[in-house]
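So the chains spell out like this:
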Amino acid sequence: MFCCLKNCLNGVLPAQSVHITKTANPVQLDSSHMGHEVVIIKNGLRACGTGGVLANAPLVQSKSYFEVKLQQSGHWSIGLATQQTDLNQSVGGKDRESWCLNSNHLVLHGGDVIYRLDASKGSAVPNGGQNSPGHTVPGTVPVDLSPISAPPAFSSVASPPGGSGESGLPQEGDTIGVAYDHVELNFYLNGKNLNVPVLNVRGTVYPCLFVDDGAILDIVLDNFAYGPPPGFERILVEQSLL
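One structure accompanies this document, and this report is about it.

Procedures and definitions
- Residues numbered from 1 in each chain as written.
- Predicted model: local features only at pLDDT ≥ 70, side-chain atom pairs only at ≥ 80, totals over all residues.
- Heavy atoms only, no water.
- Salt bridge = Lys/Arg side-chain N within 4 Å of Asp/Glu carboxyl O.
- Helix = DSSP H or I, 4+ residues; strand = E, 2+ residues; numbered from the N terminus.
- Buried < 20%, exposed > 50% of the residue type's maximum accessible area, 1.4 Å probe, protein only.
- Phe/Tyr/Trp six-rings, centres within 6.5 Å; stacked < 30°, edge-to-face > 60°.

## Remarks on the pattern of salt bridges
Here comes step 1: Enumeration over the complete set of coordinates arrives at three salt bridges.
Here comes step 2: K42 is the salt-bridge partner of D218, the closest N and O atoms lying 3.4 Å from each other. Of this pair, D218 sits in strand β14 (residues 216-220) while K42 is found in the loop between β2 (37-41) and β3 (46-55), placing the two residues 176 residues apart along the sequence.
Here comes step 3: According to the relative accessible area criterion, K42 is partly exposed, its value standing at 45%.
Here comes step 4: The partner of D218 in a salt bridge is R46, with the nearest N and O atoms 2.7 Å apart. Highlighted residues: D218 in strand β14 and R46 in strand β3, separated in sequence by 172 residues. In terms of burial, D218 and R46 fall into one category: buried.
Here comes step 5: One connected set of salt bridges, linked through shared partners, spans K42, R46 and D218.

In structure tokens:
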């Protein structure tokens, strides 16, 4: 934990309470909806420590998009969640209130594997389909959830500064895009669709980040590195929330 905070703060130890100043964009990570051991800095845009955190604005518009920069590797999860999800867990997608892509290359919901990213095939392997996650059908390979507690499967070859994504799997320095249109949740790696559409996302959902084991994530809410898919735009805040 100490090592993570040291890296997260570039060697400056955090005070007991971190003051988050408002930025021009009112959307940021929400200190009132985060795990007990999560640290939020950089004006509410960086998460490290252990646990989950939601953004302070739900996705209410028809087509929303945001990005997350993988500043430092470790255990991480990126996706959507309701305010009922357990933010004191270190893995997203383990309950029925969250839908996440994880650092072990699994897309999870309710503790079930929906997809596994497969670099050898250059695509994702479905595990029972979006409507019956975790249920193995003929022709698919059963996926053990045990990698969640194992080190993330990053490439053993160091990636160039800024990430490469050439392996087809997320690495330190890469950018994960998240697009949601109330029908499908889709993930992008450095602007390329990972083709892991998640259906049946229910309830009022918020962007969520989970971190552990030294992971540092920056949420990007405008001035995107790769830009949203056609028709999508940055998260807009309802006037009633301002």
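Further notes follow.
## Things to note about the packing of aromatic side chains
Here comes step 1: Using the criterion set out here, one finds one aromatic pair in the structure.
Here comes step 2: For the ring pair Y65 and F224, a centre distance of 5.0 Å and an interplane angle of 80 degrees mean the geometry is edge-to-face. With Y65 in strand β4 (residues 64-72) and F224 in the loop between β14 and β15 (233-234), the pair connects residues that are 159 residues apart, well separated along the chain.
Here comes step 3: Take Y65: its relative accessible area is 1%, and that puts it in the buried class.

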